[in-house]
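So you can see what is in the structure, the chains are spelled out below.
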Amino acid sequence: MPSPNLAQYAITDLKGVGPKAAERLAKLGISNVQEMLFHLPLRYEDRAKTYSIATLMPHMHVSAQGEIEQANITFGKRKMLVCQINDGTGRLTLRFFNFSAAQKNAMQPGKFMRCFGEVRRGRVGPEMAHPEYSIVDTMEESSSESESLTPVYPTTEGLKQLSIRAIAEQAVELLRKYDIEDHLPKQYRPNQLSLKDALLLLHSPPQNVNLTQLETGQHPAQQRLAFEELLAQNLSLLKLRQKSQAVNAVSLPPTNSLEPEFLAQLPFKPTNAQSRVVSEIKQDLQKSEPMLRLVQGDVGSGKTLVAALSALTAIAKGYQVALMAPTEILSEQHALNFKSWFTQLGVETCWLGGKTKGKERTQTLEKIANGQAQMIVGTHALFQEQVVFSNLALIIIDEQHRFGVHQRLSLREKGKFGDCYPHQLVMTATPIPRTLAMTAYADLETSIIDELPPGRTPITTVAVPDTRREQVIKRVENACLEQQRQVYWVCTLIDESEALQCQAAEDTAQQLAKQLPDLKVALVHGRMKAQEKQQIMADFKAGLYHVLVATTVIEVGVDVPNASLIIIENPERLGLAQLHQLRGRVGRGDIASHCLLLYHAPLSNTAQKRLGVLRDSNDGFVIAEKDLEIRGPGEVLGTKQTGLVDLKIADLTRDKHMLPSVRGLAFDLLKHHSASVDPLILRWMGNRSEFAMA
Ligand code: ADP
Ligand code: MG
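Residues numbered from 1 in each chain as written. Chains lettered and ligands numbered in written order. Predicted model: local features only at pLDDT ≥ 70, side-chain atom pairs only at ≥ 80, totals over all residues. Heavy atoms only, no water.

Asker: Before we move on, could you go through the overall build of the protein and cite the residues and values that matter?
Answerer: Within the protein, the regular secondary structure consists of 25 helices and 21 strands. Projected onto the principal axes, the alpha-carbon positions of the protein cover approximately 100 × 70 × 45 Å. Looking at the 694 residues of the protein, the share that counts as buried comes to 54%. Expressed as a percentage of contacts within the protein between residues at least 6 apart in sequence, the contacts between residues at least 24 apart total 76%. Of the roughly 31,200 Å² of accessible surface on the protein, a fraction of 49% belongs to carbon and sulfur atoms. (Helix = DSSP H or I, 4+ residues; strand = E, 2+ residues; numbered from the N terminus. Buried < 20%, exposed > 50% of the residue type's maximum accessible area, 1.4 Å probe, protein only. Contact = heavy atoms within 4.5 Å. Areas by Shrake-Rupley, 256 points an atom, 1.4 Å probe, with all protein chains shown as cover.)

Now the structure itself:
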């Protein structure tokens, strides 16, 4: 008989899986036997070892046994079956809330019972609440020798541990009998383990297994599977990349007539890192396949200049460039920047946001369509249906964090003209931990700006409880009046509602204006009109205001070198990357700058750790790694990258040491074992929408 494919073996064909159970299993992502096999135990219990009752301590999950002394139904607050067993060393009380008459009747004094459960401290001795149990004729030899470990599976409401274990056992039997196809060529298997052996070991570990290794995910069998999963995830992104690049793009020569003039008008010279990254980009742009490149750089490393130099490469050849940023305020800033840089070169820049309405909108759309606008800056609005580009050769996305793979791809579709697709340059706001970049962005080449422009002084960061608000306000006054500097005051709220955030900022601005009568206080938040916001930002930059109270909208892009102090209220509510980004609003000139994190006590442990990291480091790359350690990949990447977070077995923090070899092997497989690629992706990533389109 040919071996059945376990992926086609429906879970409902197993014993005990009716429609209800099937529904619950589906919630766990299990609809066939193979999926059951990839649903690994959370932990293991050493059930075979029987503990004598005298040695039971609270919180142990253990087996005990004894002679039944009595079993009674009690009627207190709740009806309960209470049974007591005694093994000669002590008495154990067992409590059941849901029980049948048959259950009670079976608990005959004089018979023996074995039970398994979590020990609690009762009024008169150890207890267990609804333990698993069986009634037996004789007591077993009390053994300390463990025979096998019992797996405990992650489960869901309505699906009991015993049921899922019974289902898993059947799946394991089928695996023993029929095997499972190993798509990973032999020479690539970590620890030389076959998939079958790894799965068997994890579902029913032998008695001599290293339990510590298992519990920490370091067992070779776990590592074998984690490796394969990361490999499949990487392959799916590389395939995506291959597909993306199997189309044409315009090839742009690296030297362009606009660049010398542009550089001549800049008040500074590009740093070495900026020049290096620009030349990496230019090499890509020269190819006739679309560039897919990620530029990472710390806050203030000068990514905008890199974007501008890349843009000119396309504009000089008569093509359009689009730059998209996640918020209106940031995209407006970019537009202003590019206008001031490009107008003198005879290059027309335009801005398109959700707020561009009426005649202005019609005109802007027209200019984009007929090619008059060469540098087009905006928000998501750039990719609405009504926007038609004339000849878009390069798309630049600022703040990659907030856009997912899908959005990136749909952008590209939008920019297609003739049979050419635009090149793509993605810039992150703050560094992404290396490990995440190697997985979440495996489809992108990476350039790193690892140098800040000269003359920056590091920012000093301190955490201050909000009980010392008065002192902080004094400090603001001092910075403005005695040192002639400017100050940001950032308001945050847990509530995501923009309306509430803006309200909080308004209140704070009023209050500060009252407390600091000699200072000019301005307010900017997301609900103000674009023009109004721009005016205030421009006036602040020009020094007309001392203090700018803002919501987190100023997180990105705002650039006022004379600002030397930033106060961030309730920093415990923000992620590390966001705080680092906010802090980067100061320290842009050569003056010593300070960041005050005005927190509300008491701080949770995690919050303390986070603020500590910020205090101790100014390096965005270091902070990103810590953020990953503290919050985990899901939080760091944001909800848009869910495909990654759903890793079943691999853990990006624990398994990061594998990533370099995973990546190397992924390339190798694509080249030499392409037949293995699709089955691997399907097995691990199959049902995840993020990758389904690959
Ligand atoms: P980010 O990487 O955070 O987007 P920006 O592009 O906003 O950084 O640049 C931060 C500041 O540094 C801006 O004021 C910019 O004009 C300035 N800057 C950029 N490159 C240089 C350079 N090579 N030398 C001096 N200042 C620079
Ligand atoms: Mg920027």
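Read on for the rest.
Asker: Lay out the nonpolar core with the relevant residues and their values.
Answerer: Within the largest apolar cluster, 89 residues are counted, with the highest numbers of intra-cluster contacts made by M36, L199, L225, L231, L235 and L669. With nine residues, the top contributor of residues to this core is helix α7 (residues 220-245). In contact with M36, other than residues within four places in its own chain, are I11, I30, Y153, I164, I167, A168, A171 and H203. Of all hydrophobic cores here, the second largest spans 40 residues; its members include A273, V278, A308 and F338. (Core = buried A, V, L, I, M, F, W, Y, C linked by side-chain atoms within 4.5 Å.)

Asker: Kindly report on the pattern of salt bridges, identifying the contributing residues and their values.
Answerer: For side chains of opposite charge, pairing can occur when their charged atoms come near one another. Overall, the coordinates contain 19 salt bridges when judged by the stated rule. The partner of R189 in a salt bridge is D182, with the nearest N and O atoms 3.4 Å apart. Residues R189 and D182 agree in their burial class; the two are buried. Between R276 and E280 there is a salt bridge whose closest N-O contact spans 3.5 Å. Taken together, the residues span about one helical turn, with R276 and E280 both in helix α9 (residues 272-285) at a distance of four residues. For R276, a relative accessible area of 32% translates into the label partly exposed. A network of salt bridges, in which partner residues are shared, links R276, E280, D284, K287, R293 and D450. (Salt bridge = Lys/Arg side-chain N within 4 Å of Asp/Glu carboxyl O.)

Asker: With reference to specific residues and values, describe the sheet that holds strand β14 (residues 423-427).
Answerer: Pairing is parallel in the open sheet, where seven strands are placed in the order β11-β12-β10-β13-β14-β9-β15. With one partner strand each, in any of the chains shown, β11 (349-352) and β15 (445-449) form the two edges of the open sheet. Put simply, the sheet's adjacent strands are angled 20° from each other on average, direction ignored. Here β11 pairs with strand β12 (residues 375-378) via four bridges, running parallel. Bridge assignment links L352 to a residue of β12, and that residue is G378. Packed on one face of the sheet, helix α10 (residues 303-315) meets β9 (292-297), β10 (320-324), β12, β13 (392-398), β14 and β15 and runs near 170° to β13. (Pairing = 2+ DSSP bridges. Axes fitted to C-alpha atoms, helices over the stretch in contact; angles between N-to-C directions.)

Asker: An account of the packing of helix α19 (residues 605-616) against helix α20 (residues 620-631) is requested, with residue identities and associated values reported.
Answerer: Relative placement of two packed helices is described by the angle separating their axes and the distance separating the axes. At a closest axis distance of 10 Å, the pairing of α19 and α20 adopts a crossing angle of 170°. Accordingly, the angle class assigned to the pair α19 and α20 is roughly antiparallel. Taking contact as the criterion, the partners of T606, K609, R610, V613 and L614 in α19 are, on α20, I623, K626 and I630. Along the lines of polarity and charge, the residues of the contact of α19 with α20 split into four nonpolar, one polar and three charged. (Parallel < 35°, antiparallel > 145°, perpendicular 65-115°, else oblique. Nonpolar A, V, L, I, M, F, W, Y, C, P; charged D, E, K, R; others polar.)

Asker: Help me get a handle on the site of ligand 1, residues and values and all.
Answerer: Lining the immediate surroundings of ligand 1 are 16 residues, of which K269, G300, T304, R456 and D559 lie closest. Within the backbone of S301, one N or O atom sits 3.4 Å away from an oxygen atom of ligand 1. The side chain of R456 places a nitrogen or oxygen atom 2.8 Å from an oxygen atom of ligand 1. Surface burial for ligand 1 is 82%, taken as the share of its 560 Å² of free accessible area covered by protein chains. (Near = heavy atom within 4 Å. Polar contact = N/O pair within 3.5 Å; in protein donor to acceptor, adjacent residues only side chain to side chain.)

Asker: Kindly report on helix α8 (residues 258-265), identifying the contributing residues and their values.
Answerer: Within α8, burial applies to L258, E259 and F262. Projection of α8 onto a plane perpendicular to its axis shows the buried side chains occupying an angular sector of 90°, all on one side. Turned more than 90 degrees off the buried face of α8, the exposed positions are P260 and A264. Each element contacted by the buried residues of α8 is listed here: α9, α10 and α11 (328-342). (Arc of directions from axis to C-beta.)

Asker: Help me get a handle on the side chain of H525, residues and values and all.
Answerer: Structurally, the position occupied by H525 is in the loop between β18 (521-524) and α17 (530-541). Among the polar contacts listed, one links the side chain of H525 to the side chain of E506, at a separation of 3.1 Å.

Asker: Outline the packing of aromatic side chains, supporting the account with residue identities and numerical values.
Answerer: Tallied over the entire structure, the rule returns nine aromatic pairs. With a centroid separation of 5.4 Å and an interplanar angle of 70°, the aromatic rings of F96 and Y133 are classed as edge-to-face. On the criterion of sequence distance, the pair formed by F96 in strand β4 (residues 91-96) and Y133 in strand β7 (residues 132-136) is long-range, its members being 37 residues apart. Measuring from centroid to centroid gives 5.6 Å for F262 and W341, while their planes differ by 80°, and the two rings are edge-to-face. Here F262, found in helix α8, pairs with W341, found in helix α11; they are 79 residues apart in sequence, far enough to count as distant. Just as F262 is buried, W341 falls in that class too. Cluster of aromatic residues (ring-pair linked, three or more members): F262, F338, W341 and F342. In this structure, R78 is placed above the aromatic ring of F97, and the distance from its NZ or CZ to the ring centre is 4.5 Å. (Phe/Tyr/Trp six-rings, centres within 6.5 Å; stacked < 30°, edge-to-face > 60°. Lys NZ or Arg CZ within 6 Å of the ring centre and 35° of its normal.)

Asker: Pulling in residues and values, what's your account of the sheet that holds strand β17 (residues 486-490)?
Answerer: The strand order across the open sheet built from six strands is β16-β21-β20-β17-β19-β18, with neighbouring strands paired in parallel fashion. Each end of this open sheet is capped by a strand with a single partner; those strands are β16 (459-465) and β18. The sheet shows a mean angle of 20° between the axes of neighbouring strands, taken without regard to direction. Relative to strand β19 (residues 547-550), β18 runs parallel, the two being bridged by four bridges. Directly across from V524, in β19, lies its bridge partner A550.

Asker: Would you mind going over the environment of L238 in detail, with residue names and values included?
Answerer: By secondary structure assignment, the location of L238 is in helix α7. The sequence separation of L238 and S340 amounts to 102 residues, and the corresponding C-alpha distance is 39 Å. Filtering out sequence-adjacent residues up to four positions away, L238 remains in contact with A442, R663, A666, F667 and L670.

Asker: Quick rundown of the environment of A21? Include the residues and the values.
Answerer: Within the fold, A21 resides in helix α1 (residues 19-27). A21 gets classed as buried once you look at its relative accessible area, which sits at 12%. Ignoring anything within four residues of it in the chain, the contact list for A21 reads G16 and L159.

Asker: I'd love a proper account of the pairing of strand β5 (residues 112-121), names of residues and values included.
Answerer: Of all ten residues in β5, seven are buried; the element is thus mostly enclosed. With seven bridges connecting them, strand β2 (residues 61-75) and β5 associate as antiparallel partners. Looking at β5, one finds that G66 is bridged to M113. With three bridges joining them, β5 and strand β6 (residues 126-129) adopt antiparallel strand pairing.

Asker: Residue-level account of the confidence of the model for the protein, with values.
Answerer: Close inspection of predicted coordinates is inappropriate in any region flagged by low pLDDT. Looking at the protein, the pLDDT average stands at 87 and 92% of residues meet or exceed 70. The secondary-structure element of the protein with the lowest mean pLDDT is helix α25 (residues 689-692), recorded at 42, while α9 shows the highest, at 97. Within the model, pLDDT remains below 50 along residues 639-643, and this stretch shows 14 contacts once partners closer than five positions in the same chain are excluded. A low-confidence stretch, residues 689-694 (pLDDT under 50), is modelled with 18 contacts involving residues beyond four sequence positions or located in other chains. (pLDDT = per-residue confidence, 0-100.)

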